[in-house]
Every structure is written in C-alpha cells, then in structure tokens.
Amino acid sequence: MELKVFDNYGGLSVAAAEMIMDCIKDKPDALLCFATGDTPKLTYQELAAGIKREGTDISKCFFIGLDEWLGIPPHNNGSCHYFLHHYLFSPMGISPRQVHLFDAMTTNEEDECKRMNSIISKRGGIDLMVVGIGMNGHIGFNEPGTAIDAAVHVTPLDEMTKNVGKKYFTEEVTINKGITVGLKQVMQAKTLLMIANGKKKAPVIKKAIEGEISTDFPAALIRKHHNGILMVDSEAASELKTYFND
Ligand code: PGA
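Because the structure is predicted, anything quoted here is derived from the model rather than measured.

Another aspect to go through is the overall build of the protein. Secondary structure summary: the protein contains 7 helices and 10 strands in total. Relative to the 2.2 N^0.38 estimate, which gives 18 Å for 246 residues, the radius of gyration of the protein is 17 Å and therefore close to what a compact globule would have. Each of the three principal axes of the protein carries a C-alpha extent, and together these read 50 × 45 × 35 Å. Counting over 246 residues, the protein shows a buried share of 54%. In the protein, 79% of the contacts between residues at least 6 apart in sequence involve partners at least 24 apart. About 10,900 Å² of surface is accessible on the protein, with carbon and sulfur atoms providing 51% of the total. Taking the average place of the 26 positive charges on the side chains of the protein and the average place of its 31 negative ones, the gap between the two points comes to 2 Å.

This is the structure:
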C-alpha cells in the first residue's frame, strides 16, 4: 500500500482526479467503480473539469456504483444514484449505456446481486475503485465483520452507518439495509484508491494504518491490497505516528 499525504483537501482531490484520468488514458474501456459521500465530491468535480479541459475520451468507459441504500428511490437526493448523476455522470456527459447502478427498489435482492456480479465479471473485474472510509471503517457497505470473500451482497446497516448516513438526506428516511460491491471485488480491483479528509477521519486513518488488519475494520485491508493507494489530507493524517508534517 502506498500512503500519500496532501496539505489539504483540494490537493488530495486534484491528485485523485488525475489518477482516475490516468487510468482512463491507459485503458479507455476501463470499468470504474465510484463511491458516494462527502469525501469524493471535490475529486469528481475536478475529474469532470479535467476531462473537459483535456478532451479525454470517456465514451468507452463503464461505470458502476459502489453501493446503495435499499428502499431509497433514485430521485431522492440522498441516494447514491442521485449523487453519482449529479456530481459525475451529468457533468461528464456520460451516456446511460455506460452506467450500471444498483436498483434500490428491487423486489428481488438476490437477482440484483447476481446482475451486478455478472457485470463486474464480464468486464474482467474492476479496473479502478474509488472508495471513502466510514467512521466504523467500512468500505462501501462492507460493514465490520463482512467476510473477505463476499461478492456483491445485501447487508443490514451498522448503527454507526445509519446514524452518520442521516447527513445525506434532507428529509427523514428509514435506512436499514444496503447493497454493496463486496470485499472480494474490492481486494481484486486492479487499483484501489481510498480517500479521506478532515480531522474527524484522523482516528479512522490511524486505525486503518496502525491497527490490526482484520475484517473487523475493513479499511485496514487496504494494507493487504496488491495495488492500494491511500490519499489523505494532513488533518486526516494528524494522528499517525508514522507521519510528521514538517
Ligand atoms: P463520507 O462517507 O465521505 O461522507 O465521510 C464515507 C463512507 O461512509 O464511506
């Protein structure tokens, strides 16, 4: 794993966007898997701007969403579906045929998992995954204790995820279950780019880098990833013993 510490959120976001653009340049038909949340917002804005500026051809890429709140319709502005369209697909002019997102309103969860598993395997796995880190160490909705060989699955949400998750919604909603790309696919991704910023993520980053490597804290598994890159700002790095900001 490679750890990169940036002075601030802006620097981190520019570097993350550049890495995504490099991946697309290297492999124009890449399968990219994107997280939602507060952390990647600026990365995606930088990516959309960079692609416009450089005229990067993104017409052959494919995009999947990392996860989704089950039961939250796509028009709800707290859904992952809404987020990805708003911050990425619309600004980047991505055609619907390039996008595969989870159907949060599915009546057949098993089929929905199979559908996403088969999209991933047909494309030979995920080329680049962009993920954040939850306050409980989750990656997507791979909550603490998820099996390392779990593929796409539906999961009850951890109490912490439900509490923190309220921040994404403007109205009160019930969020009990999530669907997510699994740890197996995270660990097999050709590149795993994990990003975190801000003081509140400092204890989480400390645990991910200096704690035990275990599925009890999924983010720590990046240390076992064959091509894991963790980009953090100096605030998120501030509790690391191994990092000196001088
Ligand atoms: P955040 O969420 O980017 O809103 O902090 C991260 C996550 O839960 O994965």
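This part takes up the sheet that holds strand 4 (residues 67-69). With respect to topology, 3 strands assemble into an open sheet ordered 4-8-7, the strand pairing being antiparallel. With one partner strand each, in any of the chains shown, strand 4 and strand 7 (153-156) form the two edges of the open sheet. On average, adjacent strands in this sheet sit at an angle of 25° to one another, irrespective of strand direction. Bridging between strand 4 and strand 8 (residues 177-180) involves 3 bridges; their strand directions are antiparallel. From the neighbouring strand, E68 faces strand 8, where its bridge partner is I179.

Once that is clear, we can look at the packing of helix 1 (residues 9-26) against helix 2 (residues 41-54). Each pair of packed helices can be summarised by the angle the axes make with each other and by the distance between the axes. Direction vectors running N to C along helix 1 and helix 2 enclose 50°, while the axes themselves pass 8 Å from each other. Classified by the interaxial angle, the pair formed by helix 1 and helix 2 is oblique. Relative to helix 2, helix 1 is oriented so that their crossing is right-handed. Contacts from Y9, G10, S13, V14, A16, A17, I20, M21, I24 and K25 in helix 1 reach K41, L42, T43, E46, L47, G50, I51 and E54 in helix 2. Here the residues of the contact of helix 1 with helix 2 sort into 10 nonpolar, 4 polar and 4 charged.

Thresholds applied
Residues numbered from 1 in each chain as written. Predicted model: local features only at pLDDT ≥ 70, side-chain atom pairs only at ≥ 80, totals over all residues. Heavy atoms only, no water. Helix = DSSP H or I, 4+ residues; strand = E, 2+ residues; numbered from the N terminus. Rg over C-alpha atoms; globule rule 2.2 N^0.38 Å. Buried < 20%, exposed > 50% of the residue type's maximum accessible area, 1.4 Å probe, protein only. Contact = heavy atoms within 4.5 Å. Areas by Shrake-Rupley, 256 points an atom, 1.4 Å probe, with all protein chains shown as cover. Lys, Arg positive; Asp, Glu negative; His and termini not counted. Charge placed at Lys NZ, Arg CZ, Asp CG, Glu CD. Pairing = 2+ DSSP bridges. Axes fitted to C-alpha atoms, helices over the stretch in contact; angles between N-to-C directions. Parallel < 35°, antiparallel > 145°, perpendicular 65-115°, else oblique. Left-handed = near helix turned anticlockwise from the far one by under 90°. Nonpolar A, V, L, I, M, F, W, Y, C, P; charged D, E, K, R; others polar.

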